[in-house]
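# Structural features, examined
Residue-level listing of the chains:
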Amino acid sequence: MKKSSSFPKSKNYTFSLFGVVDYSNFYGKSAPGDPIEQLFEYPTDVLIIILSRINAIIFECQGSPNQIDTQIFRFVFNKIHKSAYERLTQIFSTHQGKYTVVFTSQAIVNLMAKLIARYRPIKDMDNINEENEDLLQMALFDAILAINDEYYNRADNKNLLSLEFLWKLELFQQEFARKKSNMYGVNALKAFLFFRFIEERYGPQLLKEFSDAFNVASPYNFYSIFVETIINSYNSFEHDKNPRFCITDRTLQLVFKSFVYDPNSTSDNVFSGESFALINQPFYRFSEGIAVLDFDFVSNLTDVSLIYYFYKVTSLNKNHGIKDYNVYLGIIGKCFFEEYIMLQLIRKIFTHKYDSIKTDNDDPQYPDILILQNNKDVFVIEVKSTRVHGTVVDRADTQRFKQFLQDQFANEKKSVGGKNKGIYQLKSQIRYLQSLGSKFRIYPIIVYTEPSLDISGVNTFLDEQFEAIISEVQNSFIKINPLTLINLNFFIEYYPQLRSERYFLRDRITEYHHRKKKELKEAFRQNNSLTYLYAQFSFMRFMEQAYPTGNRMTYF
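Cut-off values and rules
- Residues numbered from 1 in each chain as written.
- Predicted model: local features only at pLDDT ≥ 70, side-chain atom pairs only at ≥ 80, totals over all residues.
- Heavy atoms only, no water.
- Helix = DSSP H or I, 4+ residues; strand = E, 2+ residues; numbered from the N terminus.
- Expected span 1.5 Å × (residues − 1).
- Buried < 20%, exposed > 50% of the residue type's maximum accessible area, 1.4 Å probe, protein only.
- Polar contact = N/O pair within 3.5 Å; in protein donor to acceptor, adjacent residues only side chain to side chain.
- Contact = heavy atoms within 4.5 Å.
- Core = buried A, V, L, I, M, F, W, Y, C linked by side-chain atoms within 4.5 Å.
- pLDDT = per-residue confidence, 0-100.
- Phe/Tyr/Trp six-rings, centres within 6.5 Å; stacked < 30°, edge-to-face > 60°.
- Lys NZ or Arg CZ within 6 Å of the ring centre and 35° of its normal.

## Points about helix α22 (residues 504-526)
Helix length check: α22 (23 residues) gives 32 Å between terminal C-alpha atoms against 33 Å at 1.5 Å per residue, within 8%. For α22, the full list of buried residues reads Phe-504, Leu-505, Arg-506, Arg-508, Ile-509, Tyr-512, His-513, Arg-515, Lys-516, Glu-519, Leu-520 and Ala-523. Immediately downstream of α22, the backbone of Asn-527 shows phi near 55 degrees, a positive value.

## Remarks on the side chain of Asp-303
Inspection of the secondary structure puts Asp-303 in the loop between α12 (298-301) and α13 (304-313). At a separation of 3.4 Å, a polar atom in the side chain of Asp-303 contacts the side chain of Lys-190. Apart from the residues within four sequence positions on either side, Asp-303 is in contact with Asn-187 and Lys-190.

## A few points about the nonpolar core
One finds Phe-77, Phe-141, Phe-283, Phe-490 and Phe-491 to be the most contacted residues of the largest nonpolar core, which totals 194 residues. The dominant element in this core, judged by the number of residues it contributes, is helix α15 (residues 325-349), at 13 residues. Excluding residues that lie within four positions of it along the chain, Phe-77 makes contacts with Ile-54, Ile-72, Tyr-85, Phe-103, Gln-137, Leu-140, Phe-141 and Ile-144.

## Considering the environment of Thr-314
Topologically, Thr-314 is positioned in the loop between α13 and α14 (316-319). Classification of Thr-314 by relative accessible area gives buried; the value is 6%. For the pair formed by Thr-314 and Ile-455, sequence separation is 141 residues and the distance between their alpha carbons is 34 Å. Those residues in contact with Thr-314, other than ones at most four positions away along the chain, are Leu-206, Glu-209 and Phe-210. Engagement of the side chain of Thr-314 in a polar contact is seen with the backbone oxygen of Phe-310, the distance being 2.7 Å.

## Regarding the confidence of the model for the protein
Detailed reading of the predicted model is not advised wherever pLDDT is low. Taken residue by residue, the protein gives an average pLDDT of 88. The fraction at 70 or more is 93%. By mean pLDDT, strand β1 (residues 2-7) is the weakest element of the protein at 44, and strand β13 (residues 484-487) is the strongest at 98. Per-residue pLDDT stays below 50 along residues 3-15; that stretch engages in 47 contacts with residues further than four places along the chain or on separate chains. Under a pLDDT of 50 for its full length, residues 552-556 has, in the predicted model, 11 contacts with residues more than four places off or in other chains.

## Quick look at the packing of aromatic side chains
In total, this model carries 61 aromatic pairs according to the counting rule given. Ring centres of Phe-195 and Phe-310 lie 6.4 Å apart, and the angle between their planes is 50 degrees; this geometry places the pair in the tilted category. Here Phe-195, found in helix α8 (residues 186-202), pairs with Phe-310, found in helix α13; they are 115 residues apart in sequence, far enough to count as distant. A centroid spacing of 6.4 Å and a plane angle of 20 degrees characterise the contact between Tyr-261 and Tyr-284, whose relative ring orientation is stacked. Placement of the pair is Tyr-261 in strand β5 (residues 260-261) and Tyr-284 in strand β6 (residues 283-286), with a sequence separation of 23 residues. Note that Lys-29 overlies the ring of Tyr-27, its terminal NZ or CZ placed 6.0 Å from the centroid. Over the aromatic face of Tyr-151 sits the side chain of Arg-154, whose NZ or CZ is 4.4 Å from the ring centroid.

Below you can see the structure in the form of structure tokens.
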């Protein structure tokens, strides 16, 4: 049984960790080498429909993890062998079993990917009826247990108090990619600003091209259709407790066409079997419509994928001097995320007469954004919009993740054509501040857009390196505070508090590092892995736990 998911409950990090029932735990023997071998006699479409129903229940049900499991057994596995129910009752009756679940979207999507990669079409002799439905349910239930075994047993438990263990654990949990609440707040504003940015910079024609490509009246309809689909699924489940996961409406199918995986389409590339590919294609075509494989991934389509598809379906790369996708991403990073969103937010937040804002446009030696409060507190901010490759997340590849952090956020200029990145940029800029005086408290900040940087331990990994390279100028100021990595979404989500409380940013950064230092000390003293996890939370996760903004689904 492996620890899987966290479920926040209050302002004091009191959330529950739930184990996952796997094959070896359930049967007391090793899982089969191939978790889907016993499913080959069944059509892939049938299996995907059932798994989509499971993920819909996980997404739509607002109950506890145990209540979600109960709903899944009620709607999906209502004919499995009596002995299986008896074994589950035995597991759940133990103290540990009370904090145990069977079904998680992460493992279900992994199972889906394996089935799609070895697609088995419907054959004339296929005959699934009430008489043999129990055999299908039992075979699929066993496959889920086996995939749980394979998926959640990838973490090495030798050193629970290590960054590598935390990264492995959180990369395959994918919590950072499953923030569905972002769709109803942060993503909505970012999508609106993106379309407005494009129109102001390149004109309205590109917006029309995008709308035509997705069969919507305007780009803003593109976003609202996804949100309405999610809201309708919630409301319908709330009304009759029946999960909605199939889309039969022809208009919606036209909008979602680019995001649909069609196993019978010759235009689709051979599917790799890696679940990260389904993040960009979370819909699956079958004879009666399209199934939603995982509602959580829809949020990605209105955020990261939106930027990609705008480039793909419009003439942006032909008529505006943008020679390739990398150049486009550079423009998005610098002109959109940094200047159009981040800088505008900062200028609306820091409006006091004793607040001063500078950028690298004012002085090339300055950071992307420099904020001076009361001639004492200095926020030195670099904005980074780099992305980690999907395979790193899908395989929970901690070595490649570590290399990504090193290359993009801790890379020192080594040659004439090279460039300092991340912490080395901050070092150079802080040294330059010495010419302006010494009576400053420095707050070095890296603002990022890559969701996976929300996982625990990333801040510590980079801060330890930053502390080592900044030691030579530590005594040049009142204080150089620890490095803080902050998700760009924080400045949107907590905008009201940032506007109303002048020192909200400074005080929350101070609180974060104070709490982190205290809990790390306690974790090592007690050799407590749970306290270690709390201590290594990202700043964004700390804020979500300590200062929650509420469930936005209650708005609708």
